[in-house]
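Letter by letter, the chains look like this.
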Amino acid sequence: MINFFRKTRKKMADDNKPLKYIRYAIGEIVLVVIGILIALSINNWTGNRKNLEKKEMQLKALRIQFASNLSQLNQVIYYDNLVLRSTKKLLELNPENSLEMASDSLRFWLQYSSYRWTFNPINGALRSAISSGEIHLVKSDSLVDLLFGWQDVVADAKEEEERCVAAVIASQPVIEKHVRKLDYKSVHVPELGKSRFPTNYQSLLQDPLFEDFLGERYISMHEALFELNNVKKNNALILKLIDTELIKKKK
């Protein structure tokens, strides 16, 4: 195509000898500029196409990661709510009520109140996107802001979860003074059977230190659930915005 234009330009220049070299020079410049513009357009098109492909791969990886996080988060919230309900049940028990003390539910509530489920999100794709700078390929400012703030939101929940775990660990010496672990830990492992040593749920519930534990356990778990539900809200919004971006790509 360029050779065709050159031949045409040269023929036109030959028709007017005094302007031959000026026309020739101008024609060369025009051809070079056209060639550069075509090359730049091709490079830009190729670069844009590669960036779109990277963006799509990144969004899909993030979607898989946050979908997995949401599934894990729902499970943690379910068991944390079980902890909350069981702790409240223990607080409401009357140690002077022989029927309540004989209830098999008591050991279930004690076991459930000791659960230590924690949220441990997968952040590989997010860390990779941030460290490589490719997160800026995402055009949604709202999504980018949520992704950059994700670790802080999770950290807030982690602080409360650590407080919950510390309360459970601190309670063990108090519980073990009155109740054998086998008698309530065997709730989910019945083949272990019951302890050969005496268990006294009544004295446990009459121990002021155990009441302190239950109060701290309930309050810390309540606050942890508040933070975890905030994490869940952010996770769900991130997934929604990712889906919106992927739909735009298809269009």
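Quick caveat, the model's predicted, so the values are computed rather than measured.

Trainee: For the overall build of the protein chain, give the residues involved together with the corresponding values.
Mentor: What the protein chain contains, in helices and strands, is nine helices and zero strands. Along the protein chain, helices and strands appear, N-terminal first, in the series α-α-α-α-α-α-α-α-α. Taken across its 251 residues, the protein chain has 35% of its residues classed as buried. When contacts within the protein chain are restricted to residue pairs at least 6 apart in sequence, long-range pairs at least 24 apart make up 78% of them. Total accessible area computed for the protein chain in this model is approximately 15400 Å², and 59% of it derives from carbon and sulfur atoms.

Trainee: Talk me through the pattern of salt bridges; I want residue IDs and the actual numbers.
Mentor: Applying the stated criterion across every chain yields a total of ten salt bridges. Two residues, Asp 207 and Lys 177, come together in a salt bridge whose shortest N-O distance is 3.7 Å. Taken together, the residues span a long stretch of sequence, with Asp 207 in the loop between helix H8 (201-205) and helix H9 (208-250) and Lys 177 in helix H6 (residues 141-178) at a distance of 30 residues. Taking the relative accessible area as the measure of exposure, Asp 207 reaches 8% and is therefore buried. Owing to a relative accessible area of 57%, Lys 177 belongs among the exposed residues under this scheme. Counted as one network, the salt bridges with shared partners bring together Glu 160, Arg 163, Glu 216 and Glu 223.

Trainee: Hey, could you go over H6 for me, with residue numbers and the actual values?
Mentor: Between the first and last C-alpha of H6 there are 56 Å, a value that for 38 residues agrees with the 56 Å anticipated at 1.5 Å per step. Where H6 bends most, the angle comes to about 45°, and this point is Gly 149.

Trainee: Can you explain a negative patch on the surface? Please cite residues and give values.
Mentor: A contiguous patch of negative charge on the surface is contributed by Asp 152, Asp 156, Glu 159 and Glu 162. Here Asp 152 shows up in helix H6.

Trainee: Lay out empty space enclosed by the protein with the relevant residues and their values.
Mentor: The full count for this structure, using the stated rule, is one cavity of 30 Å³ or more. If you add up the space inside the largest cavity, you get close to 50 Å³. Around the largest cavity, the lining residues are Asp 80, Tyr 115, Arg 116, Trp 117, Thr 118, Glu 161, Cys 164, Val 165, Arg 217 and Met 221. If you list the elements that add at least two residues to the lining of the largest cavity, you get H6 and H9. Grouping the amino acids of the lining of the largest cavity by side-chain chemistry returns five nonpolar, one polar and four charged.

Trainee: For the nonpolar core, give the residues involved together with the corresponding values.
Mentor: Ranked by internal contacts, the top residues of the largest apolar core, which has 36 residues, are Phe 66, Leu 143, Leu 147, Trp 150, Val 231 and Ile 238. When residues of this core are traced back to their parent elements, those giving at least two are helix H2 (20-92), helix H5 (124-132), H6 and H9. Apart from the residues lying within four places of it in its own chain, the contact partners of Phe 66 are Leu 126, Leu 147, Trp 150, Asn 235, Ile 238 and Leu 239. Ranked by size, the runner-up nonpolar core spans 15 residues in total, among them Val 179, Leu 204, Phe 210 and Leu 214.

Trainee: Break down the packing of H5 against H6 for me, with residues and values.
Mentor: Remark: H5 packs on H6, axes separated minimally by 11 Å, with the N-to-C direction vectors making an angle of 120°. The orientation of H5 relative to H6 falls into the category oblique. The interaxial crossing formed by H5 with H6 has left-handed handedness. Where H5 abuts H6, its residues Leu 126, Arg 127 and Ile 130 lie against Leu 147, Phe 148, Trp 150 and Gln 151. Among the residues making up the contact of H5 with H6, the classes are represented as five nonpolar, one polar and one charged.

Trainee: Could you give an account of the packing of aromatic side chains, with specific residues and numbers?
Mentor: Enumeration over the complete set of coordinates arrives at eight aromatic pairs. Ring plane angle 80° and centroid distance 5.8 Å describe the contact between Tyr 79 and Tyr 115, whose orientation is recorded as edge-to-face. Of the two residues, Tyr 79 is situated in helix H2 and Tyr 115 in the loop between helix H4 (105-113) and H5; the sequence distance between them amounts to 36 residues. Measuring from ring centre to ring centre gives 6.5 Å for Phe 119 and Trp 150, while their planes differ by 90°; the resulting arrangement is edge-to-face.

Trainee: Can you explain the environment of Val 138? Please cite residues and give values.
Mentor: Relative to the assigned elements, Val 138 resides in the loop between H5 and H6. Taking the C-alpha atoms as reference, Val 138 lies 9.9 Å from Lys 54; in sequence the two are 84 residues apart. When sequence neighbours within four positions are dropped, the list of residues in contact with Val 138 reads Lys 55, Gln 58, Leu 59, Leu 143, Val 144 and Glu 245.

Calculation notes
Residues numbered from 1 in each chain as written. Predicted model: local features only at pLDDT ≥ 70, side-chain atom pairs only at ≥ 80, totals over all residues. Heavy atoms only, no water. Helix = DSSP H or I, 4+ residues; strand = E, 2+ residues; numbered from the N terminus. Buried < 20%, exposed > 50% of the residue type's maximum accessible area, 1.4 Å probe, protein only. Contact = heavy atoms within 4.5 Å. Areas by Shrake-Rupley, 256 points an atom, 1.4 Å probe, with all protein chains shown as cover. Salt bridge = Lys/Arg side-chain N within 4 Å of Asp/Glu carboxyl O. Expected span 1.5 Å × (residues − 1). Bend = angle between axes of the 7 residues up to and from the residue. Patch = residues over 30% accessible without salt bridge, like charges linked within 9 Å, V, L, I, M, F, W, Y side chains within 5 Å. Lys, Arg positive; Asp, Glu negative; His and termini not counted. Charge placed at Lys NZ, Arg CZ, Asp CG, Glu CD. 1 Å grid on protein atoms, 1.4 Å probe; cavity = no way out; pocket = protein on both sides within 12 Å on 5 of 7 lines; lining within 4 Å. Points joined across faces, edges and corners; volume = space filled by probe spheres on them. Nonpolar A, V, L, I, M, F, W, Y, C, P; charged D, E, K, R; others polar. Core = buried A, V, L, I, M, F, W, Y, C linked by side-chain atoms within 4.5 Å. Axes fitted to C-alpha atoms, helices over the stretch in contact; angles between N-to-C directions. Parallel < 35°, antiparallel > 145°, perpendicular 65-115°, else oblique. Left-handed = near helix turned anticlockwise from the far one by under 90°. Phe/Tyr/Trp six-rings, centres within 6.5 Å; stacked < 30°, edge-to-face > 60°.

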